[in-house]
Amino acid sequence: MRRVGPHSFTEIYFAGCNPSFIETSDGYVMIDSPQQPIDAVRWRERMEERAPIRYLINTEPHGDHISGNAYFPHVTVVGHVKLQECFERYLYAFGTLEEKRERLKETDPDSVWLVGHPDYPASNPPKLTFTDDLTLHVGNHTFNILHHPGHTAPQTSIHVPEEGVVFTGDNIFYKCRTWLQECDPWEWLDSLNKIGSLDVDVIVPGHGDPCSKAYLKEQAQIVENWVGLVERFVDRGLSAEDALKEPIEVTKQDPYPLGQRLFMHNERVTNLTIRNLHKRILERKAGRAA
Ligand SMILES: [Zn+2]
């Protein structure tokens, strides 16, 4: 658990994203939920021992940010309107609960009994939604909830001015592999600029250590490198399939090829990245020509 502001904390050592919370004078506000069921229930019980949890704000629809919501059944979830729409689809993108239980038997036996547990029957999608932005006041804290599309379409940053902190989800991967599997890279670059204009000392990324605004340039460069690589394939008239047969040096685009906690990412991520960017670049060219 890492302190990132006077009343703000993030957990960067869990399997999954960096779930975070702010301790206000009127209870807790959480940013994303722990991915592993056992981590989620331990968090909730420890917090509720001290104060109620007022809100849980999701930064994006990827499973490592939302699958723990179910273990906070009485907490109001806040999310972008597009996140509400796609919540269930993303939640089950990796299979049914039964399949999840089977996977956890291998990877996290302590969590197995909590999958489909009768105390947690609902997935707890966002109930309070917004389109452009939303400001919540809880105790003495302000939560500026900002739509910053990029890594995903509903991508959301939470700026807490009293703490000098912004929580960005996966628009920022600090020194670990950047996933561009469904991003709009141009919106992403625009959102990184917007994050840069916030008056903050600390950025809490979706993965990796908390950092400062100095890292934004490096993150933007990684997105630009991948776009540049795929643009050169497109300019040569290569299809996505052909492009994937070309030699692709990941570390030339992204100097941090390992995931958070040094977990190895394979070709699958590269393939998804190339396919997505190839499609996006063609669409953009077609839009310009029209
Ligand atoms: Zn993500």
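For the structure, check the block above.
Residues numbered from 1 in each chain as written. Predicted model: local features only at pLDDT ≥ 70, side-chain atom pairs only at ≥ 80, totals over all residues. Heavy atoms only, no water.

Chemist: When you look at the overall build of the chain in this model, what are you seeing that I'm missing?
Modeler: Within the chain, the regular secondary structure consists of nine helices and twelve strands. Relative to the globule expectation of 19 Å for 290 residues, the C-alpha radius of gyration of the chain, 19 Å, shows essentially globular dimensions. C-alpha atoms of the chain, sized along the principal axes, occupy 60 × 45 × 35 Å. Taken across its 290 residues, the chain has 56% of its residues classed as buried. For the chain, the share of sequence-separated contacts (at least 6 apart) that also reach a separation of at least 24 residues comes to 65%. Where the 31 positive side-chain charges of the chain centre and where its 42 negative ones centre are 3 Å apart. (Helix = DSSP H or I, 4+ residues; strand = E, 2+ residues; numbered from the N terminus. Rg over C-alpha atoms; globule rule 2.2 N^0.38 Å. Buried < 20%, exposed > 50% of the residue type's maximum accessible area, 1.4 Å probe, protein only. Contact = heavy atoms within 4.5 Å. Lys, Arg positive; Asp, Glu negative; His and termini not counted. Charge placed at Lys NZ, Arg CZ, Asp CG, Glu CD.)

Chemist: Just to check I follow, could you spell out the layout of surface pockets for this structure?
Modeler: Leftover empty space is mapped by rolling, across the atoms, a probe with the size of a water molecule. Taken as a whole, the second largest pocket encloses approximately 210 Å³ of empty space. If you go around the second largest pocket, you meet 15 residues; those closest to its centre are Lys175, Gly208, Asp209, Gln260 and Arg261. Each residue belonging to the lining of the second largest pocket can be placed in one class, and the counts come to eight nonpolar, three polar and four charged. (1 Å grid on protein atoms, 1.4 Å probe; cavity = no way out; pocket = protein on both sides within 12 Å on 5 of 7 lines; lining within 4 Å. Points joined across faces, edges and corners; volume = space filled by probe spheres on them. Nonpolar A, V, L, I, M, F, W, Y, C, P; charged D, E, K, R; others polar.)

Chemist: What exactly am I supposed to notice about the coordination of the zinc ion here?
Modeler: The reference angle at a metal is 109.5 degrees if four donors form a tetrahedron and 90 or 180 degrees if six donors form an octahedron. With distances of 2.1 to 2.2 Å, the protein atoms coordinating the zinc ion are Glu60 (OE), His62 (ND1), His151 (NE2) and Asp170 (OD). All donor residues of the zinc ion come from one chain, and their arrangement in sequence is E-x1-H-x88-H-x18-D. Accessibility classification places glutamate 60 together with histidine 62 in one group, the buried group. (Donors = N, O, S within 2.8 Å, 3.2 Å for Na, K, Ca; no water.)

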